[in-house]
Amino acid sequence: MTDPVVKTITVPCAPDKAFSIFTADFSTWWPKDKHSVSAMGGETARSVALEPHVGGKITEVKADGETVMWGSVSDWQPGKRLVLDWHIGLPAEQATSVEVAFEASDSGTLVTLTHSGWEVMGESAVAMREGYNAGWVNVFEVQFKAACQSLAA
């Protein structure tokens, strides 16, 4: 079994606000030039979106206007927890699981991202896990945290 990727940050806002920034403001903070299907081809995505309900789609509008699916929402608990079936650039059968938990703390909100389910990747599981382990540093620890600091002010 391949260990999950776990990233934890503290952001200076309440859990409801942090959840809203992660979901409703998804396209404003997500680094579309580096972490998107478009970026895999050397371009910047026009937008990314996350539909706010169980079964909601996670989509990218590519630089050429084509819309591609990144995954779907499998659990939606505003201000508490979000779980995504995640398969950016891959078939839905290769979806991994991204859970984001929001917990009030003395200095705002403790946000924990857990990316698991690497076994569906077969022989490339370890390499995919390592790629995401590095990628979530910029996407989650830097970009999402900066968005919370900026939008919560």
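What counts and what doesn't
Per chain, residues are indexed from 1 in the order of the written sequence. In keeping with the predicted nature of the model, local features appear solely for residues at pLDDT of at least 70, side-chain atom pairs appear and are counted solely at 80 or more, and the whole-chain, interface and lining totals rest on all residues. In computing side-chain properties, one takes all heavy atoms of the structure into account and sets aside hydrogens as well as water. Paired strands, as defined in this entry, are two strands with at least two bridges between them according to DSSP. Secondary structure elements follow DSSP: runs of H or I of four or more residues count as helices, runs of E of two or more count as strands, with numbering from the N terminus. The convention used is that axes are lines fitted to C-alpha atoms, helices contributing only their stretch in contact, and that angles between N-to-C directions extend from 0 to 180 degrees. Whether two residues are in contact is decided by their heavy atoms, any of which lying within 4.5 Å being enough. Only one rule defines a salt bridge in this text: a Lys or Arg side-chain nitrogen within 4 Å of an Asp or Glu carboxyl oxygen. Buried, partly exposed and exposed residues are distinguished by accessible area as a fraction of the type maximum, computed with a 1.4 Å probe on protein chains only: under 20%, between the cut-offs, and over 50%, respectively. Put simply, a nonpolar core is a bunch of buried Ala, Val, Leu, Ile, Met, Phe, Trp, Tyr and Cys residues held in one set by side-chain atoms that sit within 4.5 Å of each other. Under the pairing criterion, centres of Phe, Tyr and Trp rings, with the six-membered ring standing for Trp, must be within 6.5 Å; the plane angle then separates stacked pairs below 30 degrees from edge-to-face pairs above 60, leaving the rest tilted.

Peer 1: Before we move on, could you go through the sheet that holds strand β7 (residues 108–116) and cite the residues and values that matter?
Peer 2: Pairing in this open sheet of 7 strands is antiparallel, and the strands run β1-β7-β6-β5-β4-β3-β2 from one edge to the other. The two strands at the open ends of the sheet, each matched to only one other strand, are β1 (5–11) and β2 (47–50). On average, each strand axis in the sheet is tilted by 20° relative to the strand beside it, whichever way the strands run. With 9 bridges joining them, strand β6 (residues 96–105) and β7 adopt antiparallel strand pairing. Paired with E99 across the bridge in β7 is T114. Strand contacts of helix α1 (residues 15–23): β1, β2, β4 (67–77), β5 (81–86), β6 and β7, with the helix running at about 150° to β6, the strand carrying the most contacts.

Peer 1: Describe the pattern of salt bridges, naming the residues involved and giving the relevant values.
Peer 2: For side chains bearing opposite charge, pairing can occur when the charged atoms are close. By the definition in use, this model includes 5 salt bridges. For the salt bridge of K34 with D33, the shortest nitrogen-to-oxygen distance reads 3.7 Å. The partner of K62 in a salt bridge is E66, with the nearest N and O atoms 3.2 Å apart. For E66, a relative accessible area of 39% translates into the label partly exposed. Overlapping salt bridges, with partners in common, bring together D75, R81 and E99 in one network.

Peer 1: Summarise the nonpolar core; cite the residues concerned and give the values.
Peer 2: Membership of the largest hydrophobic core comes to 38 residues, with the highest contact counts inside it found for W29, W30, W70, W86, W136 and F144. When sequence neighbours within four positions are dropped, the list of residues in contact with W29 reads I21, F22, V139, Q143, F144 and A147.

Peer 1: Give me the lowdown on the environment of T114, citing residues and values where you can.
Peer 2: Mapped onto the secondary structure, T114 falls in strand β7. For the pair formed by T114 and E103, sequence separation is 11 residues and the distance between their alpha carbons is 14 Å. In contact with T114, other than residues within four places in its own chain, are P4, V5, V6, S97, V98 and E99.

Peer 1: I'd like a rundown of the packing of aromatic side chains, residues and numbers included.
Peer 2: How two aromatic rings sit relative to each other is set out by the distance from centre to centre and by the angle between their planes. A complete count under the given rule lists 19 aromatic pairs for this structure. Relative to W70, the ring of F26 has its centre 6.3 Å away and its plane inclined at 75°; by these criteria the two rings are edge-to-face. Pair noted here: F26 is in helix α2 (residues 26–29) and W70 is in strand β4, with a separation of 44 residues, a long-range link. Here the aromatic rings of W70 and W86 are separated by 5.6 Å at their centres, their planes lie at 75°, and the arrangement is edge-to-face. Taken as a pair, W70 in strand β4 and W86 in strand β5 lie far apart in primary sequence, 16 residues in all.

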